[in-house]
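Observations on chain architecture
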Amino acid sequence: MPNTRHLVCLSFDFDAVSLWMAWDLTSQTNISRGEFGVVGVERILKLLKRHDIQATFFVPGVTAKTYPECCGDIADAGHEISHHGYTHVSPVTMSYQEELDALRRGNEAIRRISGRDAVGYRSPAWDLSPNSVNLLLQEGFIYDSSMMAHDYMPYRARSGDVVQSDAIRFGEETDLIEMPISWSNDDFPHFEYVRGGGLQNADHVMANWLGDFRFMIADTDWGVMTYTFHPFVIGRGHRMLMLAEFINRLSDLGADFVTAETAVREFKQKEIP
Ligand SMILES: [Zn+2]
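Attention here is on the structure that accompanies the text. Every value quoted in this text rests on a predicted model; they were computed, and no experiment measured them.

1. A look at the coordination of the zinc ion
Within the first shell, the zinc ion binds the protein through Asp 15 (OD), Asp 15 (OD), His 84 (NE2) and His 88 (NE2), at distances of 2.1 to 2.5 Å. Considering all four donor atoms around the zinc ion, angles at the metal cover 55 to 140° and the coordination shape is irregular. When the donors of the zinc ion are listed by position in the chain, the intervening gaps give D-x68-H-x3-H. Owing to a relative accessible area of 9%, His 88 belongs among the buried residues under this scheme.

What follows is the structure, given as structure tokens:
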């Protein structure tokens, strides 16, 4: 393995209808808004195949059960299927038992699609409860992708932070590897029309995303940029054109495209002196 590696993980949160359900928006039009995710997935799978890229799809249990054929197409194309909750409800609002049940039910649904449990987890709405890290370890996950304490370098998630007014007491580092994300490298806030926001110019957003990759190249010999997309957001025509161009530009800059699982395993190998 060469010493200099600049990885890119293209991750797709296949929320489909589950996100609107979690927001209690279940009219037929809101359902159709989520349904467009299936059209988006078909377009994304074609694009990834053309570029021979393996990506990571975070799939809520509700999506896996509602769209088994589409999710099966993702798995059959060799992409990683990761856990994104059962419903799209944040674990912060759940009891210990509810969170555990959601993890197990979600993995049951994923097993039916991919034949194996997920090794990665991304919280719906990117928020973790005080129990999340320990529950993920207990249930056999090797990575999470919901936190923001770095941009390009994975790190060990902590358990047991105590937030108090004079100074925060950090908990112990665990074996759970964090694949950090950010709102700036997520398509949803830039593009999705919610409460008057979104609908940004795709080329301007791409310039921001490329800037983060360029910074990583200048700043480190090894790192991984994780970009987050939602099929019902990025799947619109002009954004798909941008995603294709984004992949070309990243390739020209020397990006190696990998799944989150591959990046995590490579990070763990590098971590051992
Ligand atoms: Zn989501």
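Continuing now.
2. Digging into the packing of helix α2 (residues 28–50) against helix α4 (residues 68–76)
As a packed pair, α2 and α4 sit with axes 11 Å apart at the nearest point and diverge in direction by 20°. One element, α2, and the other, α4, form an angle in the roughly parallel class. Between α2 and α4 the crossing geometry is left-handed. Across the interface between the two elements, Val 38, Val 41 and Leu 45 of α2 pack against Cys 70, Asp 73 and Ile 74 of α4. Looking at the contact of α2 with α4 residue by residue, the class counts come to five nonpolar, no polar and one charged.

3. Digging into the pattern of salt bridges
This model, assessed by the stated rule, comprises 12 salt bridges. Of the charged contacts, one joins Arg 104 and Glu 139 as a salt bridge, the two residues approaching to 3.0 Å between their closest N and O atoms. Taken together, the residues Arg 104 in helix α5 (residues 96–114) and Glu 139 in the loop between α6 (132–138) and β5 (143–144) connect sequence positions 35 residues apart. According to the relative accessible area criterion, Arg 104 is partly exposed, its value standing at 41%. According to the relative accessible area criterion, Glu 139 is partly exposed, its value standing at 21%. Across the pair Glu 261 and Arg 116 runs a salt bridge, and its minimum N-O distance is 2.6 Å. Of this pair, Glu 261 sits in helix α11 (residues 260–271) while Arg 116 sits in the loop between α5 and β4 (120–121), placing them 145 residues apart in sequence. What emerges from the salt-bridge pattern is a single network uniting Arg 5, Asp 256 and Glu 266.

4. Regarding the packing of aromatic side chains
One pass over the structure, following the stated rule, counts 15 aromatic pairs. Here the aromatic rings of Phe 12 and Phe 57 are separated by 5.0 Å at their centres, their planes lie at 20°, and the arrangement is stacked. Linking Phe 12 in strand β1 (residues 5–13) with Phe 57 in strand β2 (residues 56–59), this pair joins segments that are 45 residues apart in sequence. Given the relative accessible area of 0%, Phe 12 is considered buried. Its relative accessible area of 0% is what places Phe 57 among the buried residues. One residue, Arg 105, lies across the ring of Tyr 86, its end atom 3.8 Å from the ring centre. If you follow Arg 195 out to its NZ or CZ, it ends over the ring of Trp 23, 5.7 Å from the centre.

5. Topic: a positive patch on the surface
There is a patch of like positive charges on the surface, built from Arg 43, Lys 46, Arg 50 and Arg 236. On the secondary structure map, Arg 236 appears in the loop between α9 (231–234) and α10 (237–252).

6. With respect to the pairing of β2
Along β2, one buried face is formed by Thr 56 and Phe 58 and the opposite face, lined by Phe 57 and Val 59, is buried too. Note: β1 against β2, three bridges, orientation parallel. What sits directly across from Phe 12, in β2, is Phe 57. Direction of pairing for β2 relative to strand β3 (residues 80–83): parallel, over a ladder of four bridges. From the neighbouring strand, Thr 56 faces β3, where its bridge partner is Glu 80.

7. Concerning the packing of α2 against α10
Direction vectors running N to C along α2 and α10 enclose 20°, while the axes themselves pass 11 Å from each other. Here α2 is positioned roughly parallel relative to α10, judged by the angle of their axes. Crossing hand, α2 versus α10: right-handed. Between α2, through Arg 43, Ile 44 and Leu 47, and α10, the contact on the second element is made entirely by Gly 237, Met 240, Leu 243, Ala 244 and Ile 247. Its residues assigned to classes, the contact of α2 with α10 shows six nonpolar, one polar and one charged.

Cut-offs used in this document
- Residues numbered from 1 in each chain as written.
- Predicted model: local features only at pLDDT ≥ 70, side-chain atom pairs only at ≥ 80, totals over all residues.
- Heavy atoms only, no water.
- Donors = N, O, S within 2.8 Å, 3.2 Å for Na, K, Ca; no water.
- Tetrahedral: all angles 85-135°; square planar, octahedral: opposite > 155°, others 65-115°.
- Buried < 20%, exposed > 50% of the residue type's maximum accessible area, 1.4 Å probe, protein only.
- Axes fitted to C-alpha atoms, helices over the stretch in contact; angles between N-to-C directions.
- Helix = DSSP H or I, 4+ residues; strand = E, 2+ residues; numbered from the N terminus.
- Parallel < 35°, antiparallel > 145°, perpendicular 65-115°, else oblique.
- Left-handed = near helix turned anticlockwise from the far one by under 90°.
- Contact = heavy atoms within 4.5 Å.
- Nonpolar A, V, L, I, M, F, W, Y, C, P; charged D, E, K, R; others polar.
- Salt bridge = Lys/Arg side-chain N within 4 Å of Asp/Glu carboxyl O.
- Phe/Tyr/Trp six-rings, centres within 6.5 Å; stacked < 30°, edge-to-face > 60°.
- Lys NZ or Arg CZ within 6 Å of the ring centre and 35° of its normal.
- Patch = residues over 30% accessible without salt bridge, like charges linked within 9 Å, V, L, I, M, F, W, Y side chains within 5 Å.
- Areas by Shrake-Rupley, 256 points an atom, 1.4 Å probe, with all protein chains shown as cover.
- Lys, Arg positive; Asp, Glu negative; His and termini not counted.
- Charge placed at Lys NZ, Arg CZ, Asp CG, Glu CD.
- Pairing = 2+ DSSP bridges.

Interpretation note: all reported values are geometric properties and have no functional meaning in isolation.
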